[in-house]
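Now for the letters of each chain:
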Amino acid sequence: MISMEIKPTPETVRLMKRLKRSRETLRHNLEVSLRKGLRNVAEKTRMRLTGPRPSRLDIVTKRLYNSIEFVVDGWKEDTLKGRVGSDVHHRDFVPYAAVHEFGYFNPAQHVRGHVRMQTHIFGVPVTPFPVDVRPYTRKMNIPKRAYVAPAIEETMPFLKHLLERAVVNTVAGKRME
C-alpha cells in the first residue's frame, strides 16, 4: 500500500477560502435575482387578470387577483426553487384558479338533487319559497384563459438577464441586495 499526503501552499489555502466565499456569494446573488424575477412575474400575472372578457378573466371579486403571490423556497442541496401563482400560500388557495389557467371540459357532470330558493319568476320578484330541484346532468366547458404561463414567458428574458448579472457580480466579488 502506498499513501500520499498533499499539503496545500498558503496561496492555495487563500484561493480555496476565496472560492468558498464565492460559492456563498453566488448562491445569495442567485436567490436575490430569482426573488426579483418572481416578483416581476407576479406583477405581470396580476396585470393579465385585468382586461376585457372573453379573452381575459377580468376582475370580478378580486379574490383571484389578491391571491397571486410568489415565494422563494430557498436552496435544497444545489437546487434553488421558487413558485408563483394563487396557491403558493395555502391560506389564499383559490380552487378555480387552475380551471381558468388550463381550461376544463367535462361532457357529463352529474348534479345531485337539492333545494333552492325561488326569488324571481320570469324576472318578476316574488316572496322567496323553496323549490326541489331533481338530479340532472350538465355539460361543462370552460375555455382556457391562461394568465400565469404568458406572464412567465413574457418575463423570461428579464429573468435570464438577472441571473447573468448575478454571476457577473459574483465574479466581481459583489453581493446583490
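Basis of the calculations
Residues numbered from 1 in each chain as written. Predicted model: local features only at pLDDT ≥ 70, side-chain atom pairs only at ≥ 80, totals over all residues. Heavy atoms only, no water. Helix = DSSP H or I, 4+ residues; strand = E, 2+ residues; numbered from the N terminus. Rg over C-alpha atoms; globule rule 2.2 N^0.38 Å. Buried < 20%, exposed > 50% of the residue type's maximum accessible area, 1.4 Å probe, protein only. Contact = heavy atoms within 4.5 Å. Areas by Shrake-Rupley, 256 points an atom, 1.4 Å probe, with all protein chains shown as cover. Lys, Arg positive; Asp, Glu negative; His and termini not counted. Charge placed at Lys NZ, Arg CZ, Asp CG, Glu CD. Salt bridge = Lys/Arg side-chain N within 4 Å of Asp/Glu carboxyl O. Expected span 1.5 Å × (residues − 1). pLDDT = per-residue confidence, 0-100. Core = buried A, V, L, I, M, F, W, Y, C linked by side-chain atoms within 4.5 Å.

**A closer look at the overall build of the protein**
Okay, step 1: Secondary structure summary: the protein contains four helices and six strands in total.
Okay, step 2: In sequence order, the protein lays out its α and β elements as α-α-β-β-α-β-β-β-β-α.
Okay, step 3: Relative to a compact globule of 177 residues, whose C-alpha radius of gyration would be 16 Å, the protein shows 27 Å and is clearly more extended.
Okay, step 4: Projecting the C-alpha coordinates of the protein onto the three principal axes gives extents of approximately 95 × 45 × 25 Å.
Okay, step 5: Every one of the 177 residues in the protein was classed for burial, and the buried ones make up 25%.
Okay, step 6: For the protein, the share of sequence-separated contacts (at least 6 apart) that also reach a separation of at least 24 residues comes to 62%.
Okay, step 7: Split by element, the accessible area of the protein, about 13200 Å² in all, is 57% carbon and sulfur.
Okay, step 8: Looking at the protein, you have 33 positive and 18 negative side-chain charges, and the mean spots of the two groups are 3 Å apart.

**As for the pattern of salt bridges**
Okay, step 1: Counted under the stated rule, the structure contains five salt bridges.
Okay, step 2: Across the pair arginine 23 and aspartate 78 runs a salt bridge whose closest N-O atoms are separated by 3.2 Å. Of the two residues, arginine 23 sits in helix H1 (residues 10-49) while aspartate 78 sits in the loop between strand S1 (69-76) and strand S2 (79-85), which places them 55 residues apart along the sequence.
Okay, step 3: Arginine 23 sits in the partly exposed class, given a relative accessible area of 45%.
Okay, step 4: Where aspartate 78 meets arginine 27, a salt bridge forms, and the shortest distance between an N and an O atom there is 3.5 Å. Note that aspartate 78 is positioned in the loop between S1 and S2 and arginine 27 in helix H1, a separation of 51 residues in sequence.
Okay, step 5: Where salt bridges share partners, they join Arg23, Arg27 and Asp78 into one cluster.

**Digging into the environment of methionine 156**
Okay, step 1: Position of methionine 156 among the secondary structure elements: in helix H4 (residues 148-171).
Okay, step 2: Methionine 156 gets classed as partly exposed once you look at its relative accessible area, which sits at 32%.
Okay, step 3: Separated by 21 residues in the primary sequence, methionine 156 and glutamate 177 have C-alpha atoms spaced 21 Å apart.

**Observations concerning H1**
Okay, step 1: When the terminal C-alpha atoms of H1 are compared, their 59 Å separation across 40 residues agrees well with the 58 Å that a helix rising 1.5 Å per residue should span.
Okay, step 2: A positive backbone phi angle near 140° is found at glycine 51, which sits one or two residues after H1.

**Some words on the confidence of the model for the protein**
Okay, step 1: Across the protein, pLDDT averages 86, with 95% of residues at or above 70.
Okay, step 2: The spread of mean pLDDT over the elements of the protein runs between H1, the lowest at 87, and strand S5 (residues 124-133), the highest at 97.

**What to know about the nonpolar core**
Okay, step 1: Core analysis: the biggest nonpolar cluster contains 16 residues, and Leu49, Leu64, Val84 and Tyr147 have the highest contact counts within it.
Okay, step 2: For this core, the secondary-structure elements that each account for two or more residues are H1 and H4.
Okay, step 3: Those residues in contact with valine 84 that lie beyond four places of it in its chain are Leu38, Val41, Ala42, Glu69, Phe70, Val148 and Ile152.

**A word on the environment of asparagine 141**
Okay, step 1: With respect to the element layout, asparagine 141 can be found in strand S6 (residues 136-142).
Okay, step 2: Sequence separation of asparagine 141 and tyrosine 104 is 37 residues, and the distance between their C-alpha atoms is 5.8 Å.
Okay, step 3: With sequence-adjacent residues up to four places away left out, asparagine 141 is seen in contact with Tyr104 and Phe105.

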